[in-house]
Amino acid sequence: GAVVSQHPSWVICKSGTSVKIECRSLDFQATTMFWYRQFPKQSLMLMATSNEGSKATYEQGVEKDKFLINHASLTLSTLTVTSAHPEDSSFYICSAPRGEYSPLHFGNGTRLTVT
Amino acid sequence: EDQVTQSPEALRLQEGESSSLNCSYTVSGLRGLFWYRQDPGKGPEFLFTLYSAGEEKEKERLKATLTKKESFLHITAPKPEDSATYLCAVQARASKLIFGTGTRLQVFP
C-alpha cells in the first residue's frame, strides 16, 4: 500500500491566489521530504528538500518566496504556491525515504491548474 | 555534470514481445541507480535499486541490470498492464536523485 499520501490530487485556482499541498508519511517518520515538479513528457525536477524543524533547501532557479515549504512535524510537509500564475500549472509530487538508505517513495501527485 | 539519458522515448510492443529499455548515465560516484514505474496522473512507483556494476534484480516480468555506464530494464513477455512510463534515476554520493525523461511503454493485446 501507499506509504506517502499527498492531498489534494488536483486543484484549480485563479491567478493570484495561493494553494497549499500536503504530503504525509503514513507509517514512518520522515525528517526529510522532497518536492518535485513534472511538466508533460518531461523529467521530474527537484524543487526543494524539506527538512523537519529547519528551513527548506531550494534548488537553483526555484523561488523560495513563491514556493513556501513547511515541515513542522515528522510526518507532514506542506508546499504552498503563493500568488499562483498560469505558468505554475504543473504536476507537483512529494517523496520521502523510509530510512536512511531506502529508496524514495512518492505520493500520487497534485495536478495544479491556474486559470 | 551528472546526467541520465533514457531510450527509446516511446516503445510499442505486442503482448508477449520481449524488449529492453536503456538508461545511460554519467555520474561521479554512483550511490545507486533506481527504476520507477509511473502511470498517467500518478506518482512514480519504486521498482528496483542497483548499486554496483554486474548487479541484477528481478520482479515478475521485469529484470534490471547495471554496468558502469548504463542500465537495462528487460521486459519478458509483456502484458497490457505493463503499459506505463518507466523512469530511471541516479544518485551520486551526498547528492539528489537525477531523473531521466522516461520511456513510455505501450503493450497491445
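Just above, that's the structure.
Residues numbered from 1 in each chain as written. Chains lettered and ligands numbered in written order. Predicted model: local features only at pLDDT ≥ 70, side-chain atom pairs only at ≥ 80, totals over all residues. Heavy atoms only, no water.

Student: Residue-level account of the overall build of chain A, with values.
Tutor: When its secondary structure is counted, chain A shows zero helices and eleven strands. Ordered by position in the sequence, the α and β elements of chain A form the string β-β-β-β-β-β-β-β-β-β-β. A globule of 115 residues ought to have a C-alpha radius of gyration of about 13 Å, and chain A, at 13 Å, matches this closely. Along the first, second and third principal axes, the C-alpha atoms of chain A reach 40 × 30 × 20 Å. Each of the 115 residues in chain A was classed as buried or not, and the buried ones make up 50%. Counting contacts in chain A only where the partners sit at least 6 residues apart, residues at least 24 apart contribute 52% of the total. Accessible surface for chain A amounts to roughly 5,900 Å². Of this, 51% is attributable to carbon and sulfur atoms. Side-chain charges of chain A comprise 10 positive and 9 negative groups, with the mean position of each set lying 6 Å from the other. (Helix = DSSP H or I, 4+ residues; strand = E, 2+ residues; numbered from the N terminus. Rg over C-alpha atoms; globule rule 2.2 N^0.38 Å. Buried < 20%, exposed > 50% of the residue type's maximum accessible area, 1.4 Å probe, protein only. Contact = heavy atoms within 4.5 Å. Areas by Shrake-Rupley, 256 points an atom, 1.4 Å probe, with all protein chains shown as cover. Lys, Arg positive; Asp, Glu negative; His and termini not counted. Charge placed at Lys NZ, Arg CZ, Asp CG, Glu CD.)

Student: For the overall build of chain B, give the residues involved together with the corresponding values.
Tutor: When its secondary structure is counted, chain B shows zero helices and eleven strands. Radius of gyration (C-alpha) of chain B: 13 Å, near the 13 Å computed for a compact globule of 109 residues. Expressed as lengths along the three principal axes of its C-alpha atoms, the size of chain B is roughly 45 × 30 × 20 Å. Across the 109 residues in chain B, those meeting the buried criterion constitute 45%.

Student: Give a detailed account of the interface of chain A and chain B, specifying residues and quantitative values.
Tutor: On the chain B side, the residues contacting the 16 residues of chain A number 18 residues. For the chain A and chain B pair, buried surface summed over both sides reaches about 1,400 Å², with 57% attributable to carbon and sulfur atoms. On the chain A side of the contact with chain B, A:S43, A:P103 and A:F106 bury the most area, a combined 29% of that side's loss. Residue B:K96 is joined to A:E59 by a salt bridge in which the shortest nitrogen-to-oxygen separation is 2.7 Å. The interface formed by chain A and chain B includes six residue pairs in polar contact (both at pLDDT 80 or more). If you list the elements that add at least two residues to the side of chain A that touches chain B, you get β4 (32-38), β5 (44-51), β9 (90-97) and β10 (104-106) of chain A. Classifying every residue of the side of chain A that touches chain B gives nine nonpolar, four polar and three charged. (Buried area = accessible area lost by both parts, 1.4 Å probe. Salt bridge = Lys/Arg side-chain N within 4 Å of Asp/Glu carboxyl O. Polar contact = N/O pair within 3.5 Å; in protein donor to acceptor, adjacent residues only side chain to side chain. Nonpolar A, V, L, I, M, F, W, Y, C, P; charged D, E, K, R; others polar.)

Student: Can you tell me about the sheet that holds strand β1 (residues 4-7) of chain A, naming the residues and giving the values?
Tutor: Residues and elements named next belong to chain A. Strand order in the open sheet formed by four strands is β1-β3-β8-β7, and the pairing between neighbours is antiparallel. Each edge of the open sheet is held by one strand with a lone partner, namely β1 and β7 (67-73). When strand polarity is set aside, the average angle formed by the axes of neighbouring strands in this sheet is 15°. Across six bridges, strand β3 (residues 19-25) lies against strand β8 (residues 76-81) in antiparallel orientation. Within β8, the position partnered with V19 by the bridge is V81. (Pairing = 2+ DSSP bridges. Axes fitted to C-alpha atoms, helices over the stretch in contact; angles between N-to-C directions.)

Student: With reference to specific residues and values, describe the sheet that holds strand β6 (residues 56-59) of chain B.
Tutor: Residues and elements named next belong to chain B. Pairing is antiparallel in the open sheet, where five strands are placed in the order β1-β3-β8-β7-β6. The open sheet terminates on both sides in strands that have one partner only, identified here as β1 (3-7) and β6. Each neighbouring strand pair of the sheet contributes to a mean axis angle of 15°, computed without reference to strand direction.

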